[in-house]
Amino acid sequence: MLSHMLEWYDLRDEEREIRDLALEVAREEVAPNADAHDVDGTFVRESIEALGKSGLLGVFVPKEYGGLGGSPLAATLAIEAISAACGSTGMSFMFHCNLIHVVDGAGPDSLKEKYFPQFAAGKLGAFAINEQRRLFREKFDTTAADDGDDYIINGKKPFVTSAGEADVYIVQVQLEGVPSPIPVMGQRYILIEGGYDGVGAWTYDPMGLRGASNGGVTFENVRVPKENAVGAEPDPMVRSVASKGNSVFSPHLIAMGCAGMALEAAVHHARTHDQQEWMSHTLAPLSDQVNALRAYTYYAARLMEGPVSQRLNHTHNEIQRLGGELGPQVCDRAMEIMGGASFMRSSPVQRAFRDARGSCYPAFAMEHRRANSADGLYGREAYAEQPPTMPWDPHADYNFWLLWARGAAHLPEEAKQRMSRAAFEDFARSRGSDTMTVEICAEYMTSAGRPPAGVGGPPGAGGPPPGVGGPPPGVGESPPVGVGAGGPPRETE
Ligand SMILES: Cc1cc2nc3c(=O)[nH]c(=O)nc-3n(C[C@H](O)[C@H](O)[C@H](O)COP(=O)(O)OP(=O)(O)OC[C@H]3O[C@@H](n4cnc5c(N)ncnc54)[C@H](O)[C@@H]3O)c2cc1C
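Since the structure is predicted, the reported quantities are computational estimates derived from the model, not experimental observations. (Residues numbered from 1 in each chain as written. Predicted model: local features only at pLDDT ≥ 70, side-chain atom pairs only at ≥ 80, totals over all residues. Heavy atoms only, no water.)

### Notes on the site of the ligand
Here is step 1 of the chain: As a structural note, the neighbourhood of the ligand is formed by 23 residues, with Phe-127, Ile-129, Asn-130, Phe-159 and Thr-161 the closest of them.
Here is step 2 of the chain: In the environment of the ligand, an oxygen atom lies 2.9 Å from a nitrogen or oxygen atom belonging to the backbone of Ile-129.
Here is step 3 of the chain: Relative to its unbound accessible surface of 960 Å², the ligand loses 78% to contact with the protein.
Here is step 4 of the chain: Of all the elements in the fold, those that place two or more residues in the shell around the ligand are β1 (125-128), β3 (150-160) and α12 (366-384).
Here is step 5 of the chain: Looking at the shell around the ligand element by element, the count peaks at three residues for α12.
Here is step 6 of the chain: In the shell around the ligand, the residues fall into 14 nonpolar, six polar and three charged.
Here is step 7 of the chain: When residues of the shell around the ligand are assigned to domains, at least three map to each of domain 1 (125-233) and domain 2 (367-462). (Near = heavy atom within 4 Å. Polar contact = N/O pair within 3.5 Å; in protein donor to acceptor, adjacent residues only side chain to side chain. Areas by Shrake-Rupley, 256 points an atom, 1.4 Å probe, with all protein chains shown as cover. Helix = DSSP H or I, 4+ residues; strand = E, 2+ residues; numbered from the N terminus. Nonpolar A, V, L, I, M, F, W, Y, C, P; charged D, E, K, R; others polar. Domains from an automatic or database assignment.)

### What about helix α7 (residues 236-245)?
Here is step 1 of the chain: Where burial is concerned, most of α7 is hidden: ten out of the ten residues are buried.
Here is step 2 of the chain: Buried within α7 are the following residues: Pro-236, Met-237, Val-238, Arg-239, Ser-240, Val-241, Ala-242, Ser-243, Lys-244 and Gly-245. (Buried < 20%, exposed > 50% of the residue type's maximum accessible area, 1.4 Å probe, protein only.)

### Focus: the pairing of strand β7 (residues 215-225)
A regular strand places its side chains on the two faces of the sheet in alternate fashion.
Here is step 1 of the chain: Here β3 pairs with β7 via eight bridges, running antiparallel. Residue pairing in the sheet places Tyr-151 in a bridge with Val-224 of β7.
Here is step 2 of the chain: Both strand β6 (residues 199-203) and β7 contribute to a ladder of five bridges, which runs antiparallel. Each bridged residue has a counterpart across the sheet, and for Trp-202 the counterpart in β7 is Gly-216. (Pairing = 2+ DSSP bridges.)

### Description of the pattern of salt bridges
Pairing is possible between side chains of opposite charge, provided their charged atoms come close.
Here is step 1 of the chain: Under the criterion given, the structure shown has 29 salt bridges.
Here is step 2 of the chain: Between Arg-12 and Glu-305 there is a salt bridge; the shortest N-O distance is 3.0 Å. Placement of Arg-12 in the loop between α1 (3-6) and α2 (13-40) and of Glu-305 in the loop between α9 (276-303) and α10 (310-338) is noted, with a sequence separation of 293 residues between them.
Here is step 3 of the chain: Residue class for Glu-305 comes out partly exposed when judged on its relative accessible area of 39%.
Here is step 4 of the chain: One salt bridge in this structure joins Arg-418 and Glu-414, with 2.8 Å as the shortest N-O distance. Of this pair, Arg-418 and Glu-414 both sit in helix α14 (residues 413-418), four residues apart, roughly one helical turn.
Here is step 5 of the chain: Here Glu-414 falls in the partly exposed class, since its relative accessible area comes to 37%. (Salt bridge = Lys/Arg side-chain N within 4 Å of Asp/Glu carboxyl O.)

### With respect to the nonpolar core
Here is step 1 of the chain: If you look at the biggest cluster of nonpolar residues, it comprises 112 residues, and the most contacted ones within it are Phe-93, Ile-153, Ile-192 and Phe-249.
Here is step 2 of the chain: Once residues within four sequence positions are removed from consideration, Phe-249 is found in contact with Phe-60, Ala-75, Ile-79, Met-94, Cys-97, Asn-98, His-101, Met-304 and His-316.
Here is step 3 of the chain: Residues Ala-242, Ala-382, Tyr-398 and Met-445 belong to the second largest nonpolar core, which totals 30 residues. (Core = buried A, V, L, I, M, F, W, Y, C linked by side-chain atoms within 4.5 Å. Contact = heavy atoms within 4.5 Å.)

### Considerations on the packing of helix α8 (residues 252-272) against α9
Here is step 1 of the chain: One way to put it is that α8 packs onto α9 with a least axis distance of 10 Å and a crossing angle of 155 degrees. The angle between α8 and α9 falls in the class roughly antiparallel. Note that α8 runs across α9; the crossing there is left-handed. Between α8, through His-252, Leu-253, Met-256, Ala-259, Gly-260, Leu-263, Ala-266, Val-267, Ala-270 and Arg-271, and α9, the contact on the second element is made entirely by Gln-276, Met-279, Leu-283, Leu-286, Ser-287, Val-290, Leu-293, Arg-294, Thr-297 and Tyr-298.
Here is step 2 of the chain: In terms of residue class, the contact of α8 with α9 is built from 13 nonpolar, five polar and two charged. (Axes fitted to C-alpha atoms, helices over the stretch in contact; angles between N-to-C directions. Parallel < 35°, antiparallel > 145°, perpendicular 65-115°, else oblique. Left-handed = near helix turned anticlockwise from the far one by under 90°.)

Any functional reading would require information that these geometric values do not contain.
And the structure:
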């Protein structure tokens with residue numbers, strides 16, 4: 001399954017080993033269960049256990065915590081191979097790896113020490129981020145109230161892969177009583193164990209990904225130690241969303257695996273049914289589309305070996321959109337090639353089609369993915385118009401770019417000035433620094449240019465009039481815009 005189609009890429013030895021292990025587990029232990037779970041809608045528990053026993057749940061856990069220490073590309077190939085066998089298992093596996101990636105990138109180390117050995121040993125992680133109609137929200141409804149060394153969590157997440165089955169959820173919460181001019185700054189990602197008192201779940205009856213336990217998760221007065229908050233100081237949330245958005249891990253990997261499987265089935269069908277000639281026009285573009293998607297995805301995986309960057313974030317958005325478009329389309333064409341038999345329940349290709357379609361919602365639904373990609377294009381132009389005049393830490397520079405990619409360009413002129421490169425740099429100089437560190441950048445973004453009580457604002461274009469506090473126009477009044485300020489509503493990644 002899939003092996004000859006992945007062989008063309010120039011892999012390192014350890015990546016080839018992990019890919020081969022994943023292909024074997026996919027073929028021997030995951031594929032045989034896939035149809036039954038698709039039909040009865042039960043969770044793919046045996047397949048997840050097989051991933052745990054083989055060590056694959058630890059594919060992205062660094063070796064020092066007992067994992068396989070695979071590269072981003074090795075983990076990508078593993079998710080792709082598993083998704084080709086079973087989209088549901090692939091989706092649960094992808095979110096698991098994504099949780100590990102976010103914590104790995106954002107820290108703190110204490111959280112890695114606590115959970116990474118458990119993930120390497122077979123515990124399953126999941127994402128509980130989205131809330132319904134988040135486009136229109138000022139705040140997330142799931143809240144974290146401060147209670148000494150703990151947070152008390154209340155709320156519900158209406159759509160979670162592996163709902164009720166995961167051992168640990170990464171949950172986006174709104175901190176109670178923490179006012180923030182930029183809504184996302186008043187939020188946290190926090191790890192909540194499925195076994196904690198007060199955690200509940202329900203499931204849906206979806207069209208695809210039927211074995212992934214698609215459902216919701218509820219939190220009723222759940223006591224969680226504060227040490228479970230993700231993201232090292234001084235900018236835990238910015239680090240968390242930067243880590244999430246600088247990644248190859250996304251639901252499009254499931255679409256890619258499903259499309260690869262459907263393509264392979266269509267090639268086999270055309271060849272063994274004497275249809276080579278008249279199917280070649282339909283078949284040929286499917287292969288180049290799947291391989292183009294793979295190449296761009298593998299490129300993103302290689303970029304992940306470097307620091308966060310505009311390039312990687314934009315690539316992340318583009319592969320997510322492209323995979324969502326190509327995955328279902330390739331499966332659909334493969335079904336055409338295979339004739340009426342492909343429409344029967346017994347055909348794995350119709351399952352791949354439904355699973356690939358299901359991968360077009362998580363993280364962001366398709367229209368939102370298009371908006372994210374377009375934001376990156378506009379942001380790149382706005383960013384290029386403001387060259388730095390001092391050295392910027394790459395993380396700080398990334399946040400500045402993201403700010404402009406998320407709508408700062410649409411602010412009123414005065415607020416735009418406060419969010420300009422010059423304003424950030426003036427603020428750094430007012431702090432006695434001739435470089436832009438992440439700390440200074442986070443301080444400026446968190447206060448959005450608001451001066452400490454009784455102190456004038458940052459000098460130059462960046463500062464509000466002396467003695468005048470308050471966020472710039474549009475900031476704090478706007479719907480959640482990620483780390484951006486004001487402007488059109490866009491969730492950040
Ligand atoms: C199979 C499946 C698995 C899922 N798994 C998870 C999971 O594990 N964890 C999790 O947290 N969530 C998960 N989700 C939820 C998923 O993230 C949401 O369904 C998705 O973000 C869309 O949100 P919504 O359904 O509330 O639709 P809405 O937000 O109401 O969106 C409706 C339409 O508006 C568009 N839209 C929304 N906001 C914007 C914007 N800012 N710019 C442009 N267009 C926009 C959308 O693209 C869509 O077309 C899953 C969903 C599905 C279907």
